[in-house]
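# Commentary on secondary and tertiary structure
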Amino acid sequence: MNKARLEWVMSGLNQYALTQSEDQFLKTAAEDFDKNQALTEHQEDRLESLYKVKSQLIPNKKSDRFSVKKSNPEKVKPRRPRARPF
């Protein structure tokens, strides 16, 4: 994998909310590439498979994965009992 391909995959993955282990793997892979100018076969396979899985999802990087969204439940009007016709 060359530098341009790695940057393209990394930028694509940055659109998605990643788990902590996935995020750590990306940082480690980038550091390894900077040191050795290459990734191991296992790292390349894992990076490509991670990209394939995440690209099938809808990007959601706009939301912070550590913040809890508060949902405002809609107010429900109580139902009135109806008189049954005889």
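Not measured: the values here are computed from a predicted model. (Residues numbered from 1 in each chain as written. Predicted model: local features only at pLDDT ≥ 70, side-chain atom pairs only at ≥ 80, totals over all residues. Heavy atoms only, no water.)

## Thoughts on the overall build of the chain
Note the following rule: Here a helix means four or more residues in a row that DSSP labels H or I, a strand means two or more in a row labelled E, and each is numbered from the N terminus. A simple rule labels every residue: compare its accessible area, found with a 1.4 Å probe on the protein chains alone, to the largest value its type can have, and call it buried under 20%, exposed over 50%, or partly exposed in between. Contacts: residue pairs with any heavy atoms within 4.5 Å of one another. Values of accessible area rely on a 1.4 Å probe in the Shrake-Rupley scheme; residue burial ignores everything except the protein chains shown.
The secondary structure content of the chain amounts to three helices and zero strands. In sequence order, the secondary structure elements of the chain are arranged as α-α-α. When each of the 86 residues of the chain is scored for burial, the buried share is 22%. Taking the intrachain contacts of the chain between residues at least 6 apart in sequence as the baseline, contacts between residues at least 24 apart amount to 74%. Counting only carbon and sulfur atoms, one obtains 52% of the accessible surface of the chain, whose full area is about 7,800 Å².

## A short note on helix α2 (residues 20–36)
Our working definition: In a helix, the anticipated span is given by 1.5 Å times the number of residues less one. Each direction from the helix axis to a C-beta atom contributes to the arc, which is the arc of those directions.
For α2, which comprises 17 residues, the first-to-last C-alpha distance of 24 Å matches the rise-based estimate of 24 Å (1.5 Å per residue) to within 8%. For α2, every residue scored as buried is listed here: Glu22, Phe25, Leu26, Ala29 and Phe33. Looking down the long axis of α2, one finds its buried residues gathered within 100° of arc, a one-sided arrangement. Turned more than 90 degrees from where α2 packs its buried face, Gln20 and Lys35 sit exposed. Residues of α2 that are buried in the fold lie against α1 (3–13) and α3 (41–55).

## Quick notes on the packing of aromatic side chains
Which entries qualify depends on this criterion: In this scheme Phe, Tyr and Trp rings, the latter by its six-membered ring, pair at centre separations within 6.5 Å, and the angle between planes marks the pair as stacked below 30 degrees, edge-to-face above 60, and tilted otherwise. Here, a charge over a ring is recorded when the distance from Lys NZ or Arg CZ to the ring centre is within 6 Å and its angle to the ring normal is within 35 degrees.
Under the criterion given, the structure shown has one aromatic pair. Arranged with centres 5.4 Å apart and planes meeting at 45°, the rings of Trp8 and Tyr51 form a pair that is tilted. You can see Trp8 sitting in helix α1 and its partner Tyr51 sitting in helix α3, a full 43 residues away along the chain. Against the face of Phe25 rests Arg46, its NZ or CZ located 4.2 Å from the ring centre.

## Re the side chain of Glu44
Keep this limit in mind: In this charge count, Lys and Arg are treated as positive and Asp and Glu as negative; neither His nor the chain ends contribute. For salt bridges, the criterion is a side-chain nitrogen of Lys or Arg within 4 Å of an Asp or Glu carboxyl oxygen.
Relative to the assigned elements, Glu44 resides in helix α3. Buried within the structure, Glu44 lacks any salt-bridge partner; its nearest side chain of opposite charge belongs to Arg5, at an N-O separation of 8.3 Å. When neighbours within four sequence positions are excluded, Glu44 is seen to be in contact with Met1 and Leu39.

## Some remarks on the environment of Leu47
For Leu47, the position within the fold is in helix α3. In this structure, the C-alpha to C-alpha distance between Leu47 and Val9, residues 38 residues apart in sequence, is 7.9 Å.

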